[in-house]
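Coordinates in review
So you can see what is in the structure, the chains are spelled out below.
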Amino acid sequence: MIKDEEKPKVALADPSRSDGMQRYLASHAREIPPSGIRRFFDLVSASKDKDIITLGVGEPDFVTPWRVRDAAVYSLEKGKTQYSPNAGMLELREAIGQYLYNQFNLTYDPGKEMVVTVGGSEGIDLALRALIEPGDEILVPEPCYISYSPITSLSGGVAVGIETFAEDQFKLTPESLRAAITPKSKILVLCYPSNPTGAIMTYEEMLPIAKIVEEHDLIVISDEIYAELTFNGKHASFASLPGMKDRTILVSGFSKAFAMTGWRMGYACGHPDLISAMLKIHQYTIMCAPTMGQVAALEALTKGGLEEKDRMMESYNQRRRLVVQGFRDMGLECHEPQGAFYAFPSIRSTGLTSEQFAEKLLLEGKVAAVPGHVFGKGGEGFLRCCYATSVAQLTEAMERIHLFLRSLE
Amino acid sequence: MNELKLSILDLLKEDARLSAATIATMLGAAEEEVSAAIAEMEQDHVIVKYATVVNWSKVDDEKVTALIEVECTPERGRGFENIAERIYLYPEVKSVYLMSGAFDLLVEIEGKNLKEVASFVSNKLSTIESVISTKTFFILKKYKQDGIIFEEFEDDHRLLVSP
Ligand SMILES: Cc1ncc(COP(=O)(O)O)c(C=O)c1O
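Residue positions within a chain follow its written sequence, with the count starting from 1. Lettering of chains starts at A and numbering of ligands starts at 1, both following the order in which they are written. Per-residue local features of the predicted model are confined to residues with pLDDT of at least 70, and side-chain atom pairs are confined, for both listing and counting, to 80 or more; whole-chain, interface and lining totals are unaffected and use all residues. Hydrogen atoms and water are omitted, and side-chain values are computed over all heavy atoms in the structure.

**A word on the overall build of chain B**
As a reminder of what qualifies: Going along the chain from the N terminus, every DSSP run of H or I of four or more residues is numbered as a helix, and every run of E of two or more is numbered as a strand. Restricting the calculation to C-alpha atoms gives the radius of gyration, and the globule rule supplies 2.2 Å times the number of residues raised to the power 0.38. Here's how the labels work: a residue is buried when its accessible area is under 20% of the maximum for its type, exposed when over 50%, partly exposed in between, all with a 1.4 Å probe on protein chains only. Here, residues are in contact when the closest pair of their heavy atoms is within 4.5 Å. The accessible surface values rely on the Shrake-Rupley method and a 1.4 Å probe; as for residues, cover is taken only from the protein chains in view.
Scanning chain B from terminus to terminus reveals five helices and six strands. The order of helices and strands in chain B, counted from the N terminus, is α-α-α-β-α-β-β-α-β-β-β. Scaling as 2.2 N^0.38, a compact globule of 163 residues should have a C-alpha radius of gyration of about 15 Å, whereas chain B reaches 21 Å, well beyond that. Taking the principal axes of the C-alpha coordinates as reference, chain B spans close to 65 × 40 × 30 Å. Here chain B holds 163 residues, and the buried ones make up 29% of them. Across chain B, every contact between residues at least 6 apart in sequence was considered, and the portion connecting residues at least 24 apart equals 58%. Approximately 11,200 Å² of chain B is accessible, and the part contributed by carbon and sulfur atoms is 51%.

**What to know about the domain arrangement of chain B**
Quick reminder of the rule: Domain start and stop positions are those given by an automatic or database domain assignment.
Annotation of chain B at the domain level lists domain 1 (3–43) and domain 2 (59–141). Distance from the C-alpha centre of domain 1 of chain B to the C-alpha centre of domain 2 of chain B: 35 Å.

**Considering the packing of helix H1 (residues 3–14) of chain B against helix H3 (residues 31–43) of chain B**
Think of two packed helices as two axes; the pair is described by the angle between the axes and how far apart they sit. Residues and elements named next belong to chain B. The condition is simple: To get an axis, a line is fitted to the C-alpha atoms, and for a helix only the part in contact is used. The angle between two axes follows their N-to-C directions and goes from 0 to 180 degrees. Working rule for angles: under 35 degrees goes down as roughly parallel, over 145 as roughly antiparallel, 65 to 115 as roughly perpendicular, anything else as oblique. Under this grouping Gly is polar, as are all residues other than the nonpolar Ala, Val, Leu, Ile, Met, Phe, Trp, Tyr, Cys and Pro and the charged Asp, Glu, Lys and Arg.
Here H1 crosses H3 at 80°, and the two axes come no closer than 10 Å. As judged from the angle between their axes, H1 and H3 are roughly perpendicular. Across from Leu4, Lys5, Ile8, Leu9 and Leu12 in H1, the residues of H3 making contact are Glu33, Val34, Ala37, Ile38, Glu40 and Met41. Each residue belonging to the contact of H1 with H3 can be placed in one class, and the counts come to eight nonpolar, no polar and three charged.

**Let's talk about the domain arrangement of chain A**
All names here are of chain A. To keep things clear, this is the line we draw: We define buried area as the total accessible area lost by two parts upon association, computed with a 1.4 Å probe and summed across both. Salt bridge, as used here: a side-chain nitrogen of Lys or Arg that lies within 4 Å of a carboxyl oxygen of Asp or Glu. Any pair of nitrogen or oxygen atoms within 3.5 Å is treated as a polar contact; in protein, a donor-acceptor pairing is required on top of that, and neighbouring residues in sequence qualify only through side-chain atoms on both sides.
In terms of domains, chain A is made up of domain 1 (36–63 + 306–408) and domain 2 (66–304). Using only C-alpha atoms to locate each centre, domain 1 and domain 2 end up separated by 26 Å. Facing 33 residues of domain 1, the contacting portion of domain 2 comprises 38 residues. The junction of domain 1 with domain 2 conceals about 3,000 Å² of combined surface from both sides, 59% of it contributed by carbon and sulfur atoms. Here domain 1 is connected to domain 2 by one salt bridge. Here domain 1 and domain 2 share 17 residue pairs in polar contact (both at pLDDT 80 or more) between them. Per element, the largest residue contribution to the side of domain 1 that touches domain 2 is nine residues, and it comes from helix H11 (residues 303–329). A breakdown of the residues in the side of domain 1 that touches domain 2 according to their chemical character gives 17 nonpolar, eight polar and eight charged.

**Considerations on the site of the ligand**
This is how it is decided: For this purpose, a residue is taken to be near a molecule or strand whenever a single non-hydrogen atom of the residue falls within 4 Å of it.
As a matter of local geometry, the ligand sits amid 15 residues, with A:Gly120, A:Ser121, A:Asp223, A:Ser255 and A:Lys256 nearest to it. Around the ligand, the neighbouring residues derive from chains A and B rather than from a single chain. One of the side-chain N or O atoms of A:Tyr226 is found 3.0 Å from an oxygen atom in the ligand. Contacts to the ligand include A:Arg264, whose side-chain N or O atom sits 2.7 Å from an oxygen atom. Here the ligand has 400 Å² of accessible area as a free molecule, and 95% of this is covered by the chains. Ranked by the residues each element gives to the shell around the ligand, the list is headed by helix H5 (residues 119–131) of chain A, at four residues. Looking at the shell around the ligand residue by residue, the class counts come to seven nonpolar, five polar and three charged.

**Details of the environment of A:Ala199**
Residue and element names in this part refer to chain A. Considering the arrangement of structural elements, one finds Ala199 in the loop between strand S5 (185–190) and helix H8 (203–215). Note: C-alpha distance between Ala199 and Phe344 (145 residues apart in sequence) is 9.5 Å. For Ala199, the contacting residues outside a window of four places in its chain are Gln169, Phe170, Tyr192, Pro193, Ser194 and His335.

**Focus: the side chain of B:Ser95**
Residue and element names in this part refer to chain B. Along the chain, Ser95 falls in strand S2 (residues 93–98). Within polar-contact distance, the side chain of Ser95 engages the side chain of Glu108 at 2.7 Å. Residue contacts for Ser95: discarding those within four places in its chain leaves Leu106, Val107 and Glu108.

**Regarding helix H2 (residues 20–27) of chain B**
Cut-off, in case you're wondering: Arc, as used here, means the arc of the directions from the helix axis to the C-beta atoms.
Of all the positions in H2(B), only B:Ala20, B:Ile23, B:Ala24, B:Met26 and B:Leu27 are classed as buried. The buried residues of H2(B) occupy one face: seen down the axis, they fall within an arc of 165°. Taken together, the buried residues of H2(B) touch H11 and helix H13 (391–408) of chain A together with H1 and H3 of chain B. B:Gly28 sits one or two positions beyond H2(B) and adopts a positive phi of about 65°.

**Comments concerning the packing of H11(A) against H2(B)**
What counts here: For any helix crossing, the convention is left-handed if the near helix is rotated counterclockwise from the far helix by under a right angle, and right-handed if that rotation is clockwise.
For the pair H11(A) and H2(B), the least separation of the axes is 7 Å and the interaxial angle reads 110°. Between H11(A) and H2(B), the angle is such that the two are roughly perpendicular. At the point where H11(A) passes H2(B), the crossing takes the right-handed sense. Contacts between H11(A) and H2(B) pair A:Asn317, A:Gln318, A:Arg321, A:Leu322 and A:Gln325 from the former with B:Thr22, B:Thr25, B:Met26 and B:Leu27 from the latter. The class makeup of the residues in the contact of H11(A) with H2(B) is three nonpolar, five polar and one charged.

**Let's talk about the interface of chain B and chain A**
Across the contact, 13 residues belong to chain B and 26 residues belong to chain A. For the pair chain B and chain A, the two sides together bury roughly 1,700 Å², of which 64% comes from carbon and sulfur. On the chain B side of the contact with chain A, B:Arg158, B:Val161 and B:Pro163 bury the most area, a combined 42% of that side's loss. Our count for the contact surface shared by chain B and chain A stands at zero salt bridges. Examining the composition of the side of chain B that touches chain A, we find that four residues originate from one element, H2(B), more than from any other. The class makeup of the residues in the side of chain B that touches chain A is eight nonpolar, four polar and one charged.

Following this line, the structure appears as structure tokens:
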């Protein structure tokens, strides 16, 4: 005989109740604000206009280099379809270690200081979850990539945006960092080269930041997913600054530099104590990154993949110059993005908000670009335009934006 | 060749219609410098021609292309130069290469139909004195030519907007 209170609560799941199933949701999940990018995506998708040129993407226009795809296909043919070790194939971790040393002069032990993740996204998640306790404050220079703040909230942390400005080329200044620090500050998230601004920080510019990090005993999560897309000179990794290696969790991946977004391959590196905690979470939630993706990533780090990467970088650089010049020629202020594949022109002179501008541009000008306000503080008044699109499309898009601007006058 | 010229060639071989101004912006160089470099390369026959790559299989009056391996006797002092010239002067000959290996010249011929190509081989090519033998291979389908893939891909699979 089942007692009444033990019976399954069928009635509660009645979908005709006006609040549907909402009340089952944990408050931290319910309270994540809907992403502004998602709203804009729906708007663009709803328009069904085949003629729209999109500068709204966040990924390369190249397909993954054929050698890389071929290596994965071959591994499937050979039946490599099993789990890999939790931290990822040792061969791949060794290759990543060698790559980071060659490219950025970083030394990480593939055995204890590295975990292969499902995209840089998982690396960000693992790092934040491993570090945040309820009430901790996470410092996030903005405008920035949209995932840091929601993941912080999921762990009960508080994301504190630090506004950066076009006048400073959207770099984090020591003064504004100092001003944002409280006794609760625990983590500083850095993302240079930056999505959405294309800003970078040089070694010298990061030195005073490192000093403050040390002074206030902060941990840095450095999202360097766009490291390879640095156009004037070489990328400086925050972990390569004196005393910063132990205080930094480096998050990166293959999506951008190797045109491998759909593979979901990334990695995180850091102090063994931090990585082993992240690895525990990874082990219970993910087990391991996809094996065929790991095989592909390993191929990407060999000669063929690296040459293709350099060729792609050169092509982004050419298109970067083209769009920046294009925006300036049509009278929009546009700081020079030194990395990633975004231009971030100001549309303030039009008197419209970035949301109004982006919507009107979409409907009247038939160009999609992401309004800056979705990237947090300091994004209002700007437009994120991804230039990873063919020269012909870019040229056409620039002409359309120019015409659209004239129609506003 | 200097780096600027190489970069210009890289861009032009993908799109010969790029203007000097656009190329200059893309390479971060001065427009005059780019124009001068292009003029120089045209003069030096580094840039031989600005031509269009056509997928003839999409055009109604289709053409037939054949590759012909030609074995021939070189001439004292002149090697294969004279005979190559005698072959490449025919307008139906698209390309002529001197090859290493089992034969000497590789000749690409284009004609309206099989008969036309066959008659060129038997009447013109084989009758040249120093030609010893020919082997003709008709091209059935072109997949890729000069680095350009003819197959049409659905080109952009990306989401219209992503983070
Ligand atoms: C700054 C930044 N970090 C991380 C990611 C996540 O990349 P993935 O998970 O594909 O490695 C992105 C993707 O857009 C990004 O722009």
